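Inside the fold
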Amino acid sequence: MNTYEELLTAIDAGDNGRPIYDPATGDLVGHAPQHSVADLNAAVDAAASAQKAWSLLSDADRCDYLQRAADAIDAAAPALAELITREQGKPYSGPGSRFEAGACSTWLRVTCSHDLSEETVVDDGETHAVINYRPIGVVAAIGPWNWPAMITIWQIAPALRMGNAVVVKPSEYTPLTVLALVKILNSVLPEGVLQIVSGDGSIGAALTTHEKVGKVMFTGSTATGRRIAESSGASVKRLTLELGGNDAGIVLPDADPKAIAEGLFWGAFINMGQTCAALKRLYVHDSIYDAVCTELTELAKQMPMGHGIDETNVLGPVQNKMQFDIVDNLVTAAKDSGARVLLGGEPDRDAPGYFFPLTLIADISPDHPLVVQEQFGPALPIVRYTDLDWAIEQANSLDVGLGASVWSSDRDKAREVATQIEAGTIWINSHGGVDPRIPFGGIKQSGYGVEFGVAGLTSLGVPQVING
Ligand code: NDP
């Protein structure tokens, strides 16, 4: 199952499935099965039965399975990358599909490397209390279409290590990649512990209310996250909600425009801006505003965009028509408001594929929808500021707080500014990089709970105290 054709054959549902098209060309990629609620119930039952034996394995034995699953991903990585490119759109090259496929095995391995020993909380001669984390049972993993393989692994790697079984529900836009990933993992894992159901939001909704599901790991929009928080309440499910963001970057006057341009560029345009913690609004001090705009524009002009199968391209299409239209409408509104287009702004709407040119918009009002709404696409608004306190106030003015960044030649100054920003992660002189060792999560309406690191791992277990 290590070639693209073998992988696709293993998952294709044939004529009974839903056709999935390449966002760069409109060509058919394959057919995703359309599972029913009855299929979902059967998957949860199978997961619940398999979970018992899985949870009785030692942590070392479960990690041995996960390490071998990582090896299986590595063996299939070129095929998986091709499927990601054809279905999701991100190119092989740059921070694209090869990077995503590679991150999946890395994440599995690092998740197994976290030290998770019994914690003694009191040992004073009279009281001896320890905490261990026990499995929850069945975990639901519901994910979006932007990084379909990587985000699925983020959800299932810690869940499996902690002794849970998992039922995955991929996005309707990118089910094939996730079906393939699960197939690869299941070539190694014991039968039943990892299930997948493919279908629309109603399947996701049924999963979040299923009585045998103990926890929902959800990554997606704030609107859906809100619905899940409501619907899962009846059975008091545990939740990790990684929701939308609208990350601000603040460039201080002492930053070097040339030195920071590449970091700013990839912070904003990785995966065509379709990344939860991408840089989505940039505040630049008046004294270097024009220089930063010039450096970013010159860099963006050199970035090749096209079908991701062509190795020369580092940028591809937007993943779907819905997202293309959101970006198009916000950019049109920005142009109509009199904001200055430095680059892009005018897609060829009749050309095949959802290609939207890299767009940089300067001198835009700070309360314009392109600034205050999540564009989730390749259009960056650049706001001019003179007063740093005002810029910090703007960064904190929204009801989301996933990430943010501060750019400066003075690390101490940047850190001091970072402490005033309301977000789950604040990067200095970079934006959006995640690391399996470092907890990541949002505040405000960007969600709650963290993924990654030991904190992410223990959130897939239930703490149990033994006192005595
Ligand atoms: P959606 O919220 O639309 O969908 C996410 C997933 O939820 C999909 O699998 C979807 O299924 C499913 N779903 C839809 N309705 C329900 C429901 N009622 N109950 C349970 N599941 C449901 O998000 P997008 O896929 O459009 O992703 C884009 C958004 O995700 C952006 O706002 C982005 O910021 C955010 N995001 C956040 C990240 C983070 O780490 N914080 C990372 C990546 C993205 P279906 O597709 O079949 O409708």
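A few points on the structure. All figures in this text were calculated on a predicted structure; none of them were measured in a lab.

1. Focus: helix α11 (residues 321-336)
For α11, built from 16 residues, the straight-helix expectation of 22 Å at 1.5 Å per residue is met to within 8% by its first-to-last C-alpha distance of 22 Å. Turning to α11, the residues buried within the fold contact β13 (359-362), α12 (369-372) and β14 (379-385). The opening residue of α11, the one whose side-chain oxygen lies 3.3 Å from the backbone nitrogen of Met322, is Asn320. Where α11 terminates, the next one or two residues include Gly338, which has phi positive at roughly 95°.

2. With respect to the nonpolar core
Grouped together as the largest cluster of nonpolar side chains are 127 residues, with contacts concentrated most on Ile153, Leu185, Ile250, Val251 and Phe265. With 13 residues, the single largest contributor to this core is helix α3 (residues 59-88). The residue makeup of this core includes at least three contributed by each of domain 1 (4-243 + 446-467) and domain 2 (247-428). Contacts of Ile153, omitting those with residues within four sequence positions, involve Ile73, Cys104, Trp107, Leu108, Pro158, Leu181 and Leu185. Grouped together as the second largest cluster of nonpolar side chains are 21 residues, Leu40, Ala47, Leu207 and Val216 included.

3. Side note on the layout of surface pockets
By volume, the largest pocket amounts to about 1000 Å³. For the largest pocket, the lining is made up of 45 residues, of which Phe218, Gly220, Ser221, Thr222 and Thr224 are closest to its centre. Only α7 (201-209), β8 (213-219), α8 (222-231) and α11 provide two or more residues apiece to the lining of the largest pocket. Tallying contributions element by element places α8 first for the lining of the largest pocket, with 7 residues. Across the lining of the largest pocket, the residue classes tally to 18 nonpolar, 19 polar and 8 charged. Looking at which domains feed residues into the lining of the largest pocket, each of domain 1 (4-243 + 446-467) and domain 2 (247-428) supplies at least three. Approximately 320 Å³ is the volume attributed to the second largest pocket. Considering the residues around the second largest pocket, the lining is formed by 18 residues, among which Leu116, Asn132, Tyr133, Arg134 and Met162 are closest to the centre.

4. Some points on the side chain of Gln88
Tracing the chain through its elements places Gln88 in helix α3. We classify Gln88 as buried; its relative accessible area is 1%. Among the polar contacts listed, one links the side chain of Gln88 to the backbone oxygen of Trp145, at a separation of 3.5 Å. Apart from the residues lying within four places of it in its own chain, the contact partners of Gln88 are Pro23, Leu83, Trp145, Asn146, Pro148, Thr174, Asn271, Gln274 and Gln319.

5. A short note on the pattern of salt bridges
Side chains that differ in charge, positive against negative, can pair when their charged atoms come close. Counted according to the given criterion, the structure contains 22 salt bridges. Ionic pairing is found between Arg349 and Glu346, a salt bridge with its closest N-O pair at 3.0 Å. Residue Lys444 pairs with Glu422 through a salt bridge whose shortest N-O separation is 2.7 Å. Remark: Glu422 occurs in the loop between α14 (411-418) and β17 (425-428) and Lys444 occurs in strand β18 (residues 443-444); sequence separation between them is 22 residues.

6. A look at the site of the ligand
In the vicinity of the ligand lie 32 residues, with Glu172, Ser221, Leu243, Cys276 and Glu374 positioned nearest. Glu242 places a polar main-chain atom, nitrogen or oxygen, 3.4 Å from a nitrogen atom of the ligand. At 2.6 Å from an oxygen atom of the ligand is found a side-chain nitrogen or oxygen belonging to Glu374. Contact with the protein chains covers 89% of the free accessible surface of the ligand, which is 910 Å². In this structure the site holding the ligand corresponds to the largest pocket. When contributions to the shell around the ligand are tallied by element, the ones reaching two or more residues are α7, β8 and α8.

Conventions used here
Throughout, a residue's number is its position along its own chain's written sequence, starting from 1. It should be noted that, the model being predicted, local features are given only for residues of pLDDT at least 70 and side-chain atom pairs only at 80 or more, the latter also being counted only at that level, while totals for whole chains, interfaces and linings use all residues. In computing side-chain properties, one takes all heavy atoms of the structure into account and sets aside hydrogens as well as water. Going along the chain from the N terminus, every DSSP run of H or I of four or more residues is numbered as a helix, and every run of E of two or more is numbered as a strand. The span expected for a helix works out to 1.5 Å for each residue beyond the first. In this analysis, two residues are considered to be in contact whenever any of their non-hydrogen atoms come within 4.5 Å of each other. Counting of polar contacts relies on pairs of N or O atoms within 3.5 Å, with two restrictions inside protein: one atom must be capable of donating a hydrogen and the other of accepting it, and residues adjacent in sequence are counted only when both atoms are side-chain atoms. Throughout this description, the term nonpolar core refers to a set of buried Ala, Val, Leu, Ile, Met, Phe, Trp, Tyr and Cys residues connected via side-chain atoms within 4.5 Å. Exposed residues in this analysis have more than 50% of their type's maximum accessible area, buried residues have under 20%, and partly exposed residues fall in between, with area computed by a 1.4 Å probe over protein chains only. All domain edges in this entry derive from an automatic or database-based domain assignment. Only protein atoms enter the 1 Å grid used here, on which a cavity is any set of points holding a 1.4 Å probe that cannot leave and a pocket is any open set flanked by protein within 12 Å on both sides along at least five of seven lines; residues with an atom within 4 Å of a point are listed as lining. Grid points are joined across faces, edges and corners, and a volume is the space filled by probe spheres set on the points. Side-chain classes are defined by residue name, with Ala, Val, Leu, Ile, Met, Phe, Trp, Tyr, Cys and Pro counting as nonpolar, Asp, Glu, Lys and Arg as charged, and the others, Gly among them, as polar. Put simply, a salt bridge is a Lys or Arg side-chain nitrogen that is within 4 Å of an Asp or Glu carboxyl oxygen. What makes a residue near a molecule or strand is one non-hydrogen atom of that residue sitting within 4 Å of it. Where accessible areas are quoted, they stem from the Shrake-Rupley method and a 1.4 Å probe; at the residue level, only the protein chains shown are allowed to cover. Each molecule is assigned to a cavity or pocket provided more than half of its atoms lie within 2 Å of the corresponding grid points.

Note that every value here comes from positions in space, so none of it alone points to a role or purpose.
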